[in-house]
Amino acid sequence: MTTVDPTNTTHVDPNAVSLTINGKSVSARKGDLIIAAADKANEFIPRFCYHPRMAPAGMCRQCLVEVEGPRGPMMVVSCMTPVAEGQVVRTETEQVKKAQEGVLELLLANHPLDCPVCDKGGECPLQDQAFSHGPGESRYVEEKRHYEKPIAISDNVFLDRERCILCDRCTRFADEVAGDALISFTSRGNNTQVMTFPDEPFSSYFSGNTVQICPVGALTAKPYRFKARPWDLDQVESTCTTCSVGCRTVVQSSRDELVRYQGVDIDPVNWGWLCDKGRFNFEAINSEDRLSTPYLKDAHGNHVATTWSSALETAARMIRTSLATSPESVAIIGGARGTNEDAFAWAQLADAIGVDQRDAQLADGLPAEVFSLAQATIDEAMAAQTIILLAPDLKEELPVLHLRIRDVAQKRKAKVVEITSRPTGLTPSAWKSVMVEPGKAASTIRAGLDQSILKQIGSGTVSVVVGRMNLAESAESVVLALAEILHVAPQAKVLPVLRRGNVRGAITAGLTPQRGAADTAEILALAAAGKIDTLVLLGSDPLSDVPDADLARRGLAGARNIISIDTFMTPSTSQADVVLPAAAYGEKNGTTTNLEGRISNIAQKITPAGTARPDWMIAVELASALGKDLGLGSVEDVTAKLAKTVAQFAPAADTKALRHDGVVMNRLTPITLNRAEAPANDRNSYDYRIVSFRKLYDSGISTAKSPSLVTLAIGATVVVHPLDLDRIGVQAGAHVQVIGEKATVVLPVSTSEDVLRGTAWLPFNQPGNDAREMFDVNATVVDVRIEKLS
Amino acid sequence: MSSYPHAPGFVAGDRPKVVTSRFEYTDSFTIDRYLATDGYTAIRKALSKPAAEVHDEVKGATVLGRGGAGFPAGTKWGLTPQNVWPRYLVVNGDESEPGTYKDRLLMERDPHQLIEGCLIACYAAGLSQCFLYIRGEMALAQERVATALNEAYAAGYVGKNVLGSKFSVDIVLHWGAGAYVVGEETALIESLEGNRGMPRLKPPFFPAANGLYGQPTIVNNVETLANLPWLINNGVEAYTAIGTKTSPGTRMVAVSGHVKRPGVYEIINGITTFRDLLYGEEFCGGIRNGNSLKAFVPGGGSAPWFTPDQLDLPFEASQVGPAGSMLGSGAIMVMDETTDIPAAALTLTHFYAHESCGKCTPCREGGTWLERILTRVVNGTGTDADLQQLIEVGTSICPGDFPHASNEALGLAAVPFPYKMTTICFVGPSAYAPIHSALTLFRSEFEARVTKRITIPVTAVGVAQ
Amino acid sequence: MSRLTDANVVIAKEIIARYPRAKSALIPLLHLSQEQNGYITREAMVQLGELVGVTSAEVYGTATFYEMFRFEPVGKYLINMCGTMSCALMGAGELMHHAEHKLGVKAGGTTDDGMFTLAHAECQAACTEAPTLQVNYRYRFRVTPADFDSLIDDLRAGKLADEIPQHGVLAKVRQRIPADKGVGAVAPEDVTEGPAWLDGKPAL
Ligand SMILES: Cc1cc2nc3c(=O)[nH]c(=O)nc-3n(C[C@H](O)[C@H](O)[C@H](O)COP(=O)(O)O)c2cc1C
Ligand code: SF4
Ligand code: FES
């Protein structure tokens with residue numbers, strides 16, 4: 001703590017440092033590096049290895065500058081030298097220029113001259129700095145280093161070691177940031193090279209970041225290789241909506257086709273990183289399979305292309321007819337994949353026609369009340385002394401949030417306590433991992449956590465990251481466990497981690513059951529019972545996403561009319577009577593809300609496929625076909641009305657603020673959760689209790705329609721503890737039958753020592769036999785028997 | 001051919017023997033011999049005093065580091081932040097500097113003396129674990145130290161509650177696997193953490209504050225620590241009575257190359273001159289075959305070279321530095337009149353280029369480049385321009401004037417040590433040092449090697465189809 | 001078997017336990033593995049990664065940095081001929097010529113019978129005894145061509161088997177810390193106070 005002298009009127013920041021760089025006086029903070037201070041002062045110092053989000057390596061030696069010292073000017077690397085009060089830095093003296101030119105000449109010595117065929121040509125720091133800070137001409141006449149030209153180091157990344165300048169950025173990233181140290185420098189000295197272990201590819205969910213931060217064209221990404229030259233690229237800044245982290249991106253196109261996404265460094269969210277799914281799934285948007293025109297189902301059940309007017313007319317007629325029976329016979333499922341404007345326009349439409357049954361979640365989320373608890377932003381959650389995870393494997397579901405938590409854990413800035421039924425990507429960084437059987441989290445916490453954990457929780461700030469760690473376990477079960485945590489840590493702030501892109505925005509904009517109306521599971525049950533006349537699927541695919549496959553199937557079969565607004569012909573869409581093609585990411589403007597409630601813009605870069613339109617526009621047109629005027633003529637109108645109508649969205653009125661860091665939505669007055677005794681949930685000793693979890697790559701559309709990603713889904717399997725495998729009496733790799741109350745599914749079985757005895761892991765929504773057949777949304781947990789095939 | 005004795009060289013008279021006193025015994029490495037010759041009395045003495053007092057003695061004696069930089073051990077220990085735990089001792093036994101040969105002898109022939117030195121350091125500086133990093137290629141040293149440690153643990157000199165006191169310390173024998181650069185203290189720490197042995201930048205990685213596992217760490221050379229038992233047993237006065245005020249005590253130097261009696265000698269610091277050492281009857285006894293001295297490397301392969309002009313300099317850093325070189329690791333390589341200077345320089349440049357860790361661009365790329373150019377020159381296929389290019393590349397590694405010795409015949413004044421550098425550690429500059437010395441002092445030999453070819457302008461001519 | 005034998009796994013675990021962090025044991029373990037197999041195999045690197053809790057790529061990165069680790073089998077005897085300054089001044093170049101001739105292989109090569117691998121080496125810290133060489137890291141000093149010939153003949157005849165073990169074996173004596181005497185390694189973050197003998201005083 002600093003004490004401020006009351007007689008001193010100017011507030012003195014004890015961490016402020018002032019120095020001069022090239023005669024300019026610059027203010028910085030204690031601990032800042034000279035290079036960072038120079039960047040802020042717009043004094044560019046050339047560099048290759050320095051990256052502001054990683055520990056400096058001081059390796060390339062390009063950033064040498066002169067600092068006035070007691071014995072005259074000293075040459076230091078600006079990327080590792082901290083600023084000091086009164087420091088005098090010069091970056092442009094003869095000596096410095098000579099040193100920088102020397103280093104650059106040496107860097108170029110072994111670098112091939114293949115810029116014309118290199119992806120990086122035109123946006124290459126080496127090329128640029130060779131022009132601006134280079135000696136002009138190389139005197140290197142020796143033979144250059146030779147290596148096999150690009151080798152695939154992973155499914156999507158190629159490495160050309162001849163181009164590599166050994167800056168340690170990719171390897172540092174893999175180890176320090178991603179925690180997937182699957183590439184390393186090998187050999188020594190002049191033979192040093194970046195390599196994977198023989199036959200062990202760099203299969204990291206974050207591999208694409210290395211391509212982005214490689215300062216030369218040594219690392220290239222398969223989905224972009226030879227697609228475009230930098231000078232043909234058109235770009236716009238946007239927010240990724242693949243999941244709800246909401247990473248800032250640059251969306252780049254060439255000839256009206258998406259060709260690349262790059263991460264943008266913003267402090268509150270992604271620090272420049274993206275996961276590979278978010279980075280490479282632009283391929284899906286370019287897919288030939290995109291819906292590009294409306295369809296109507298004919299009498300034979302075939303989809304026939306039609307015009308927008310007839311499709312909208314048909315949809316309006318269906319809704320009108322249903323409404324004539326009762327507003328309860330209409331329901332809307334979905335909305336979390338679109339923009340805030342899309343969701344709001346649909347909510348406005350639903351309001352206008354009195355439809356209360358709407359839900360942006362697909363029975364795989366949490367009750368909206370989690371947003372009414374004391375909320376934490378990502379930064380606030382990371383700043384806590386203890387971070388409690390009652391959450392899915394974030395590496396699989398919200399990869400960049402995983403990186404943020406891993407960062408604080410690795411740097412020992414916070415202690416991570418996870419309560420989980422299965423080890424996660426954060427387990428190696430966690431301070432404590434409490435393993436609980438599904439359904440037992442609440443009772444375990446209630447019975448008392450380990451003393452050391454309680455002491456840690458009791459001693460300072462706490463944040464709780466809460467989500468669905470097991471899709472075969474009910475949401476209530478999670479809420480009960482959360483209530484227990486908040487009981488021992490009443491000071492805790494909550495970061496809900498619902499996974500779908502804009503789920504928080506959609507719920508807040510109104511796509512959530514109104515006045516106690518039915519939620520998705522209930523809507524489907526009503527539909528199955530013949531009580532839903534018109535079901536609107538707003539970019540949702542219940543057949544793939546609702547954990548209870550049987551319920552989804554019966555629900556869709558029972559709804560008389562289905563109107564589907566989507567980008568692809570999904571399993572659910574193919575059952576629809578009216579199919580309306582929606583504009584996809586990159587094809588529309590608007591805003592999105594991430595898991596912490598941060599609203600930021602998304603931007604259109606290309607024209608929509610065929611006649612596809614943004615969801616909000618479809619709502620407006622459908623409304624008008626229903627005789628309602630929503631008063632929304634443009635997407636800006638929608639944003640403005642949203643900011644005015646929904647108090648939480650008020651900050652979005654400042655549209656300029658939405659463009660970079662975004663703004664955090666207004667908070668609700670916090671409520672407290674009631675504790676309640678959880679059901680005993682005892683397990684029959686013959687049974688296995690299912691832990692079902694998502695993997696990053698699954699059967700979801702954005703993976704399935706991206707050629708570079710589709711092969712990465714692991715496929716459906718069941719995993720048990722090796723000793724349990726003995727009990728079943730089969731070998732790993734064999735097929736077994738998994739027998740649930742509702743269905744029996746045949747799956748290949750494998751083992752892991754990490755599986756809690758008596759539980760079985762089933763990845764969710766993987767290609768192969770669908771485990772969701774056995775799930776029941778009404779049950780707290782799902783128990784099955786596993787037997788040999790007879 | 002022989003496999004064992006030889007070194008140390010002949011040490012006549014009653015010169016003080018601080019670290020080599022037991023070398024005369026064939027069983028010098030056994031615990032029995034050690035105990036019979038004052039062994040483990042110093043640690044007993046140390047344990048009877050508060051740690052701070054022992055530290056004061058080491059400080060008072062100005063025990064200069066023998067690893068190369070010559071920084072006083074006691075002062076270095078004092079640079080560690082107080083009240084940060086744990087703190088470690090890392091013993092640098094990676095001896096690989098060309099010409100250097102002393103630590104291996106100390107480990108092979110008197111391992112208990114080193115162990116006792118480690119104990120004293122740990123006790124005095126509150127170090128709770130010691131890692132003894134021995135160069136990988138030294139199988140015998142590893143064997144002798146392992147045996148000695150096993151004996152010392154069994155006898156209660158190392159481990160829990162040493163000699164029944166509160167002092168407890170583990171000494172862990174660790175060994176390298178062949179990489180010169182790992183001798184550099186921060187690279188040594190990286191290596192000890194199981195990583196590639198690439199140096200860290202100082203600051204922020206000053207080992208005293210931020211060393212092994214990010215904790216305060218003292219890195220000391222084997223010979224430095226081997227001095228401590230004698231110092232504690234005989235006291236500061238006895239220690240400082242040897243040598244000079246700024247360079248007290250003795251130091252071990254290895255003299256190799258073209259002398260009559262190459263060997264490792266324990267000489268008096270600060271006083272003994274290069275002439276004493278190279279020509280003195282009790283040391284090397286002059287140049288082989290009665291030849292004349294052409295040049296010598298005074299302080300390990302990294303050091304700029306001296307010629308006969310510098311023979312009368314004593315082993316005193318404050319004189320050798322201004323004269324344009326350094327004492328470094330106590331390694332003198334002697335070249336007589338028959339020496340092919342460019343070829344000799346190439347052996348060293350090759351060494352440093354080969355041993356570059358690959359971290360810093362100037363060293364990784366520049367070292368190999370220098371080696372390639374020099375190889376051409378030595379092979380007689382170089383050009384005049386190559387000689388200039390050697391200097392240009394060298395200047396990219398070490399901008400500004402590079403140190404060299406004065407030379408009367410050439411009318412050269414000395415450029416004092418040290419140099420500026422664009423690299424983290426000294427490996428890069430060391431690849432250039434021999435070239436710079438050789439080119440400065442013996443340029444005519446290079447010129448003679450260079451075939452003076454006239455460059456013929458080549459016009460692009462279409463290839464006849 | 002290229003993974004560590006059970007007995008060596010026991011030794012490996014003993015070595016790991018001496019370090020505050022397991023990865024520190026990597027180089028000693030690579031030596032242990034090379035001692036067992038004569039070179040470092042792919043399987044061994046995978047296993048060592050598991051033992052110390054790092055990826056195989058990290059093991060590989062560390063292992064390939066160091067000269068002594070071989071990733072292909074070498075001859076029974078690896079002959080490292082020092083060629084750095086002091087040895088060069090004393091005839092190392094000529095000795096290398098002679099050795100190549102005697103063994104019928106170029107530096108870097110292995111004799112057809114798999115007995116000898118001849119290699120260039122850098123300064124071996126025996127400069128006063130130049131020219132020097134090491135056979136499986138056992139020294140020979142002031143080596144003349146005739147000395148070299150008799151060395152090879154002796155090795156072929158198996159006369160030096162006692163003194164010179166197979167490639168990969170370094171110290172024949174291992175450090176052993178008796179359980180009742182060792183202090184034991186503690187992860188740095190678990191050490192919160194100064195050592196007992198300082199009696200609560202700050203160090204130095
Ligand atoms: C490239 C390089 C190689 C070095 N090699 C060794 C070495 O082999 N042995 C050694 O003791 N010190 C070596 N040093 C010096 C160490 O960095 C360090 O200064 C020394 O171990 C400290 O011990 P001292 O203070 O007892 O001398 C080397 C330094 C450099 C820059
Ligand atoms: S591949 Fe690129 S990022 Fe990696 S070390 Fe080489 S130049 Fe740097
Ligand atoms: S940017 Fe500073 S050394 Fe590379």
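Cut-offs applied
Numbers given to residues run from 1 along each chain, matching the order in which its sequence is written. Starting at A for chains and at 1 for ligands, labels are handed out in the order in which the entities are written. Given that the model is predicted, a residue must reach a pLDDT of at least 70 before its local features are reported, and side-chain atom pairs must reach 80 or more before they are shown or counted; all residues, however, enter totals for whole chains, interfaces and linings. No hydrogens and no water enter the side-chain calculation; it runs on all heavy atoms of the structure. By definition, any uninterrupted DSSP run of H or I lasting at least four residues is a helix, any uninterrupted run of E lasting at least two residues is a strand, and each is numbered from the N terminus. All radius of gyration figures rest on C-alpha atoms, and the globule criterion is 2.2 Å times the number of residues raised to 0.38. Exposure categories follow from relative accessible area, calculated using a 1.4 Å probe and restricted to protein chains: below 20% of the type maximum is buried, above 50% is exposed, and the middle band is partly exposed. We call two residues in contact whenever any of their non-hydrogen atoms come within 4.5 Å of each other. In these tables, accessible area is a Shrake-Rupley quantity obtained with a 1.4 Å probe, and a residue counts as shielded only by the protein chains included in the view. Counted as positive: Lys and Arg. Counted as negative: Asp and Glu. His and the chain ends are not counted at all. A charge is said to be at NZ when it belongs to Lys, at CZ for Arg, at CG for Asp and at CD for Glu. By buried area we mean how much accessible surface two parts lose on assembly, using a 1.4 Å probe and totalling the loss over both. Salt bridges, as used here, are contacts in which a Lys or Arg side-chain nitrogen is within 4 Å of a carboxyl oxygen on Asp or Glu. Each polar contact in these results corresponds to two N or O atoms within 3.5 Å; when the atoms are within protein, one needs to be able to donate a hydrogen and the other to accept it, and residues that are neighboring in sequence are counted only if both atoms are side-chain atoms. Put simply, Ala, Val, Leu, Ile, Met, Phe, Trp, Tyr, Cys and Pro go in the nonpolar bin, Asp, Glu, Lys and Arg in the charged bin, and everything else, Gly too, in the polar bin. To define axes, lines are fitted to C-alpha atoms, for helices over the stretch in contact only, and angles between the resulting N-to-C directions are given on a 0 to 180 degree scale. By the definition adopted for this analysis, an angle is roughly parallel if under 35 degrees, roughly antiparallel if over 145, roughly perpendicular if from 65 to 115, and oblique otherwise. Two rings belonging to Phe, Tyr or Trp (six-membered ring only in the last case) form a pair when the distance between their centres is within 6.5 Å. Interplanar angles under 30 degrees mark stacking, angles over 60 mark edge-to-face geometry, and anything in between is tilted. For a lysine, the NZ atom is tested; for an arginine, the CZ atom; a charge sits over a ring if that atom is within 6 Å of the ring centre and within 35 degrees of the ring normal. As annotated, the domain borders come from an automatic or database domain assignment. DSSP-based pairing: two strands are paired if at least 2 bridges between them are found.

Draft legend 1. Structural context of the overall build of chain B. Check the secondary structure of chain B and you find 17 helices and eight strands. For 465 residues, the compact-globule estimate of 2.2 N^0.38 gives 23 Å, and chain B sits close to it at 23 Å. The principal-axis extents of the C-alpha atoms in chain B amount to approximately 90 × 50 × 40 Å. Across the 465 residues of chain B, 66% fall into the buried class. For chain B, restricting intrachain contacts to residue pairs at least 6 apart in sequence, the fraction spanning at least 24 positions comes to 71%. With an accessible surface of roughly 14700 Å², chain B has 55% of that area assigned to carbon and sulfur atoms. Averaging the coordinates of the 37 positive side-chain charges in chain B and doing the same for the 45 negative ones gives two points 3 Å apart.

Draft legend 2. Fine view of the overall build of chain C. Of the regular secondary structure elements, chain C holds seven helices and four strands. Starting at the N terminus and ending at the C terminus, chain C contains elements arranged as α-α-α-α-β-α-α-β-β-β-α. Against the compact-globule benchmark of 17 Å for 204 residues, chain C has a radius of gyration of 21 Å, which places it well outside the compact range. Principal-axis analysis of the C-alpha atoms places the extent of chain C at approximately 65 × 45 × 30 Å. By the burial criterion, 59% of the 204 residues in chain C qualify as buried. In chain C, 66% of the contacts between residues at least 6 apart in sequence involve partners at least 24 apart.

Draft legend 3. Geometry of the interface of chain B and chain C. With 99 residues of chain B in contact, the opposing surface of chain C contributes 74 residues. Overall, the association of chain B and chain C removes approximately 6800 Å² of surface from exposure, summing both partners, and the carbon and sulfur fraction of that is 62%. Connecting chain B to chain C are two salt bridges. As a salt-bridge pair, Glu143(B) and Arg138(C) come within 3.5 Å of each other at their nearest N and O atoms. At the boundary of chain B and chain C, one finds 34 residue pairs in polar contact (both at pLDDT 80 or more).

Draft legend 4. Looking closely at the interface of chain B and chain A. In this complex, chain B contributes 34 residues to the contact, which on the side of chain A involves 35 residues. For chain B, the biggest contributors to the area lost against chain A are Arg196(B), Glu365(B) and Trp369(B); these three give 22% of the whole. Where chain B touches chain A, the interface holds four salt bridges. Between Glu365(B) and Arg145(A) there is a salt bridge whose closest N-O contact spans 3.0 Å. On the surface where chain B and chain A come into contact, there are 20 residue pairs in polar contact (both at pLDDT 80 or more). Put simply, the parts of the chain that give the side of chain B that touches chain A at least two residues each are α13 (341–355), α14 (361–378) and α15 (384–397) of chain B. Among the elements that take part in the side of chain B that touches chain A, α14(B) stands out by supplying 10 residues, more than any other. The residue inventory of the side of chain B that touches chain A, partitioned by class, reads 12 nonpolar, 13 polar and nine charged.

Draft legend 5. The arrangement of the packing of helix α6 (residues 111–125) of chain B against helix α10 (residues 228–240) of chain B in detail. Residue and element names in this part refer to chain B. Packing of α6 against α10 brings their axes to within 7 Å, and their N-to-C directions diverge by 70°. The pairing of α6 with α10 is recorded here as roughly perpendicular in orientation. Residues Gln 113, Glu 116, Gly 117, Ile 120 and Ala 121 of α6 form the contact with α10, whose participating residues are Leu 228, Pro 229 and Ile 232. Each residue belonging to the contact of α6 with α10 can be placed in one class, and the counts come to five nonpolar, two polar and one charged.

Draft legend 6. Spotlight on the packing of aromatic side chains. Considering all chains together, one arrives at 31 aromatic pairs over all chains under this definition. Ring plane angle 70° and centroid distance 5.0 Å describe the contact between Phe65(C) and Tyr66(C), whose orientation is recorded as edge-to-face. Among the residues examined, Phe65(C) registers a relative accessible area of 1% and is labelled buried. Aromatic ring contacts, followed pair by pair, group Phe402(B), Phe417(B), Tyr419(B), Phe426(B) and Tyr432(B) into a single cluster. Directly above the aromatic system of Phe158(A) lies the positively charged group of Arg225(A), at a separation of 4.6 Å from the ring centroid.

Draft legend 7. Structural context of the pattern of salt bridges. As enumerated under the stated definition, the model contains 89 salt bridges over all chains in all. Note that Asp27(B) and Arg33(B) form a salt bridge whose closest N and O atoms lie 2.8 Å from each other.

Draft legend 8. View of the domain arrangement of chain B. All names here are of chain B. Annotation of chain B at the domain level lists domain 1 (17–241) and domain 2 (340–447). One C-alpha centre belongs to domain 1, the other to domain 2, and the line joining them spans 34 Å. Domain 1 puts 13 residues into the contact, and the matching count from domain 2 is nine residues. Both faces considered, domain 1 and domain 2 share a buried interface measuring about 900 Å² in area, 75% of it formed by carbon and sulfur atoms. The largest per-residue losses of area from domain 1 upon contact with domain 2 belong to Pro 98, Tyr 180 and Pro 199, which jointly make up 50% of the total buried on that side. On the surface where domain 1 and domain 2 come into contact, there are zero salt bridges. Class assignment for the residues of the side of domain 1 that touches domain 2 results in seven nonpolar, two polar and four charged.

Draft legend 9. How the structure looks around the sheet that holds strand β11 (residues 234–239) of chain A. Residues and elements named next belong to chain A. Spatially, the three strands line up as an open sheet ordered β11-β12-β13, and their pairing is antiparallel. If you trace the sheet from one side to the other, it starts and ends with β11 and β13 (257–263), each paired once. Sheet twist, expressed as the mean angle between neighbouring strand axes with direction ignored, is 30°. Both β11 and strand β12 (residues 248–254) contribute to a ladder of six bridges, which runs antiparallel. Within β12, the position partnered with Ser 238 by the bridge is Thr 249.

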